Structures are given as structure tokens and as C-alpha cells.
Amino acid sequence: MGHVIPPDRAITLLTEQISFIDGMRSETLQSGVFLGWKRDTEVRIGNSFREGAKRQSEFTMVWTRVGMNGFGLYTPPDQKRGYFVKGLDESRALLTSMVKELRDFGVRSSTSE
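Student: Can you walk me through the pattern of salt bridges in this structure?
Tutor: Pairing between side chains of opposite charge can happen when the charged atoms of each approach one another. Counting across every chain of the model gives ten salt bridges. Across the pair Arg 92 and Asp 22 runs a salt bridge, and its minimum N-O distance is 2.6 Å. One end of the pair, Arg 92, is in helix H4 (residues 77-105); the other, Asp 22, is in the loop between helix H1 (7-19) and helix H2 (32-48), and 70 residues separate them in sequence. Each of the salt bridges in this network shares a partner with another, and the network as a whole consists of Asp 22, Arg 25, Asp 89 and Arg 92.

Structure (C-alpha cells):
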């Protein structure tokens, strides 16, 4: 596990990622803008929590479900769009929960676990 950043910095970084969500509603799962945001979010999550891999996996699972459910060969474009927007909404909820966790509990040290 890498370096865990201070909770106030983690809150700022995750809140920035939340703020980009509305602007991505016109993007697609394959767009460079979305892929960059997704990767940046995963990195920020990983550096915000001691158990970063667990939280990264929660975030990644949202997009795995979107890909599996919404992007089959015969999925109509409006359904693909719906699944993508649902993934953005789920991401917002998950990131908001992580920010709340940091505000409520900070980052636990290895001696308090």
C-alpha cells in the first residue's frame, strides 16, 4: 500500500472528481475524457484510504456492471446512454459516501485497526 494522504487533502481531491460528473454526461464509456476521469478517480481513492484497494474495487465494480449490462452487441444506444448515466450517478453516491467517511473518521492509523 502506498502513501495515504491527509484526510483534508483526500476530501478535496475526491470532491473534485465528484464535480466533474455532470460534465461527463455527454461522454461515453470509451471516451478519453471518461477514461481519464475514471483512472484519476481510482488513483485518488487508492491514495486516500489505508484500505484503498477495497474502495478502488467498489468504484471499479460500478463500471464493470455498466460494461456488462449496457454494452452488449445488440444494446440500443439509448439503453447504453442510460446505463452510462446510471454509472455516473452510482459513482457520485459512492464518492460522496467516501468523502463522508473521511469527514467522520479520517484515516485510521495502523495502530488503531
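Student: When you look at the packing of aromatic side chains in this model, what are you seeing that I'm missing?
Tutor: For any pair of aromatic rings, the description consists of the separation of the ring centres together with the inter-plane angle of the planes. All told, the structure shown has five aromatic pairs when counted by the stated rule. Ring centres of Trp 37 and Phe 59 lie 5.7 Å apart, and the angle between their planes is 65°; this geometry places the pair in the edge-to-face category. Here Trp 37 is found in helix H2, whereas its partner Phe 59 is found in helix H3 (residues 52-70), with 22 residues between them in sequence. Neither residue differs from the other here; Trp 37 and Phe 59 are each classed as buried. A cation over a ring is seen here: Arg 55 above Phe 49, with NZ or CZ 4.2 Å from the ring centre.

Student: I keep staring at the confidence of the model for the protein and nothing clicks. Help me out?
Tutor: On average, residues of the protein score 89 in pLDDT, and 93% of them reach the 70 mark or higher. Across the protein, H1 holds the top mean pLDDT of 97, while H3 sits lowest at 87.

Student: Before we go on, may I ask you to explain the nonpolar core in this structure?
Tutor: Burial of nonpolar side chains together is a common tendency in soluble globular proteins. Ranked by internal contacts, the top residues of the largest apolar core, which has 24 residues, are Leu 14, Phe 34, Trp 37, Trp 63, Leu 95 and Met 98. Of all the secondary-structure elements, those providing two or more residues to this core are H1, H2, H3 and H4. In terms of residue count, H4 provides more of this core than any other element does, seven residues in total. In this structure Met 98 touches Leu 14, Ile 45, Phe 49, Arg 55 and Glu 58, once residues within four positions along its chain are discounted.

Student: Honestly, the packing of H3 against H4 in this entry has me stumped. Any pointers?
Tutor: Two packed helices can be described by the angle between their axes and the distance between those axes. Two numbers describe how H3 lies on H4: the axes approach to 9 Å, and their chain directions differ by 170°. Compared by their axis directions, H3 and H4 come out roughly antiparallel. On the side of H3, the interface is formed by Arg 55, Glu 58, Phe 59, Val 62, Trp 63, Arg 65, Val 66, Asn 69 and Gly 70, while H4 contributes Lys 80, Tyr 83, Phe 84, Gly 87, Leu 88, Glu 90, Ser 91, Leu 94, Met 98 and Glu 101. Here the contact of H3 with H4 is composed, by residue class, of nine nonpolar, four polar and six charged.

Student: How do you make sense of the environment of Leu 14 when you look at a structure like this?
Tutor: Position of Leu 14 relative to the elements: it lies in helix H1. Residue class for Leu 14 comes out buried when judged on its relative accessible area of 0%. Distance from Leu 14 to Thr 41, taken between C-alpha atoms, is 7.3 Å for residues 27 residues apart in sequence. Contacts of Leu 14, omitting those with residues within four sequence positions, involve Arg 44, Ile 45, Ser 48, Phe 49, Leu 95, Met 98, Val 99 and Leu 102.

The rules behind the values
Residues numbered from 1 in each chain as written. Predicted model: local features only at pLDDT ≥ 70, side-chain atom pairs only at ≥ 80, totals over all residues. Heavy atoms only, no water. Salt bridge = Lys/Arg side-chain N within 4 Å of Asp/Glu carboxyl O. Helix = DSSP H or I, 4+ residues; strand = E, 2+ residues; numbered from the N terminus. Phe/Tyr/Trp six-rings, centres within 6.5 Å; stacked < 30°, edge-to-face > 60°. Buried < 20%, exposed > 50% of the residue type's maximum accessible area, 1.4 Å probe, protein only. Lys NZ or Arg CZ within 6 Å of the ring centre and 35° of its normal. pLDDT = per-residue confidence, 0-100. Core = buried A, V, L, I, M, F, W, Y, C linked by side-chain atoms within 4.5 Å. Contact = heavy atoms within 4.5 Å. Axes fitted to C-alpha atoms, helices over the stretch in contact; angles between N-to-C directions. Parallel < 35°, antiparallel > 145°, perpendicular 65-115°, else oblique. Nonpolar A, V, L, I, M, F, W, Y, C, P; charged D, E, K, R; others polar.

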